[in-house]
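For reference, the chains in residue letters:
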Amino acid sequence: MFHKILIANRGEIALRILRACKEMGIETVAVYSQADEEALHRQLADESVCIGPAPSRQSYLDMKNILSAAVGTGCDAIHPGFGFLSESPAFARLVETCGITFIGPSAAVIEQMGDKATARRMVQQAGVPVVPGSEGVVENGAQAAEIARQIGYPVLIKAAAGGGGRGMRRADSEEELLEQFDVARAEAEACFGDGSMYLEKLILSPKHIEFQILADGCGNTVHLGERDCSIQRRNQKMVEESPCHILTPALREQMGQAAVRAAQAVGYRNAGTVEFVLDKQGNFYFIEMNTRIQVEHPVTEMVTGIDLVKEQIRIAAGLPLSFEQEQIQPRGHAIECRINAEDCAHGFRPCPGTISFVHLPGGPGVRVDTAIYPGCTVSPHYDSMLAKIIVHGSTRLEAIRRMRRCLEEFMVEGPLTNVELQYMIMHQEEFVKGTFTTDFMERHLDKLL
């Protein structure tokens, strides 16, 4: 087992990893920017190293500074969390070059799955259904228009190296496609340094279902059930739950096995997520694979009782999975709400500032993952997420009622938050029935606000 792990992240995920390490008897090193000098992850780690000024590119995205901190403190492993460098094959390679273990899949796998066109081709060869679209990278708008004529509109123009909704545009006609192709490409080049694009048919109003997988280095690959991530705004998830209310046992088994095949097809190792869209006829299609721990991983932990971060560390240390597929028996229902510092009434603009008071909900079946405390500062340099409220109930209705109660209890003085909006979602009829799809926020936002 590892002696000392550097956590190459900040905020609540850094704390999440730090706590897992402490429970496993592993020493921790936190890295922090000058803006995070008083951050909780820095205060609770065994050691901490400042890696640069506030801007991410000069700190949390500075590979050399992070690796210098790891080598200088004698770390034998690095956990990247999510975001920042978690899906950077270049960083994973540099970590290994320094003789340090990267807690995640290999650089080659990150590269393959990070290129959405390559990922699509590889899983298709493994018999996993994919959304109709281009067979590889599309060179220009004219080629995209030719493919669109074959598969039909509407279509999605997507960045091959994309994520988080960036470098993605919808087109409902050839005119729109030709207009949006160059816009999407420019955004992809600005965000990812890669303007490679591909095309997919847009599945209208689907469910967004993702399966959590774990794979060790001994040939064992399992899935831990699904999460319904269909409550989204501009492709950013807001609410996640497990299990999906409308999946039949047969469809769940079929999708779970497809997720396992996708992971095995690329020789995957560690924790990952295989994402699908599910149409109204019950057909599912692979859309991408995330090669890291997800923001919403706690809902899976709540229903399975399995600590995904500890399993990540065990796998990276060369240990086999501590369970088999048949032993994974999800129980009850879990829901997660992301609490952001944002002004929902004015375009969801971020609301940085100082938190003067905070009260977190508690009670049976309640978990709050956060790094905020009274007096801390919400920086404008980083993601606006303040906390994740996760609840578990014996039934979905109990979980919904528990989440409503928690949102009533959650209090933050200082920045504006989306707590009230999340509270309204928990009361919306379509959400309560579980029939919501990815266009839920688009259709209901005005009413919810």
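Above this text sits the structure in question.
What you see is a predicted model, and the numbers here were worked out from it, not measured in a lab.

Before we move on, could you go through the overall build of the protein and cite the residues and values that matter?
On a plain count of helices and strands, the protein comes out with 15 helices and 22 strands. For 449 residues, the compact-globule formula gives about 22 Å, and the C-alpha radius of gyration of the protein, at 21 Å, lands near that figure. Across its three principal axes, the protein shows a C-alpha extent of roughly 60 × 50 × 45 Å. Of all 449 residues assigned to the protein, the portion counted as buried reaches 56%.

Describe helix α1 (residues 11-23), with residues and values.
Over its 13 residues, α1 extends 19 Å from the first C-alpha to the last, a length consistent with the 18 Å expected when each residue adds 1.5 Å. In terms of residue burial, α1 counts as a mostly covered element, since ten of its 13 residues are buried. Gly25 sits one or two residues past α1 and shows a positive phi near 75°.

If you had to explain empty space enclosed by the protein to someone new, which residues and values would you point to?
With the rule as written, the count across this model stands at one cavity of 30 Å³ or more. Taken as a whole, the largest cavity holds about 40 Å³ of empty space. Together, His79, Pro80, Gly81, Ser86, Phe102, Ile103, Gly104, Pro105, Thr291, Arg292, Ile293 and Gln312 line the largest cavity. Here the lining of the largest cavity is composed, by residue class, of five nonpolar, six polar and one charged.

An account of the layout of surface pockets is needed here, citing residue identities and associated values.
In this structure, the second largest pocket occupies an estimated 370 Å³ of space. Of all the elements in the fold, those that place two or more residues in the lining of the second largest pocket are β15 (342-343), α12 (396-409), β22 (411-413) and α13 (419-425). It is α13 that provides the largest number of residues to the lining of the second largest pocket, a total of five residues. Split by residue class, the lining of the second largest pocket holds 14 nonpolar, two polar and four charged.

Please give an account of the packing of helix α7 (residues 141-151) against helix α8 (residues 174-192) that cites residues and values.
Orientation of α7 relative to α8, taken along the N-to-C sense of each, is 145°, at an axis distance of 9 Å. For α7 against α8, the interelement crossing comes out right-handed. Side by side, α7 and α8 meet where Gly141, Ala142, Ala144, Ala145, Ala148 and Arg149 of the first sit next to Glu174, Leu177, Leu178 and Phe181 of the second. Class assignment of the residues belonging to the contact of α7 with α8 gives a composition of seven nonpolar, one polar and two charged.

Calculation rules
Residues numbered from 1 in each chain as written. Predicted model: local features only at pLDDT ≥ 70, side-chain atom pairs only at ≥ 80, totals over all residues. Heavy atoms only, no water. Helix = DSSP H or I, 4+ residues; strand = E, 2+ residues; numbered from the N terminus. Rg over C-alpha atoms; globule rule 2.2 N^0.38 Å. Buried < 20%, exposed > 50% of the residue type's maximum accessible area, 1.4 Å probe, protein only. Expected span 1.5 Å × (residues − 1). 1 Å grid on protein atoms, 1.4 Å probe; cavity = no way out; pocket = protein on both sides within 12 Å on 5 of 7 lines; lining within 4 Å. Points joined across faces, edges and corners; volume = space filled by probe spheres on them. Nonpolar A, V, L, I, M, F, W, Y, C, P; charged D, E, K, R; others polar. Axes fitted to C-alpha atoms, helices over the stretch in contact; angles between N-to-C directions. Left-handed = near helix turned anticlockwise from the far one by under 90°. Contact = heavy atoms within 4.5 Å.

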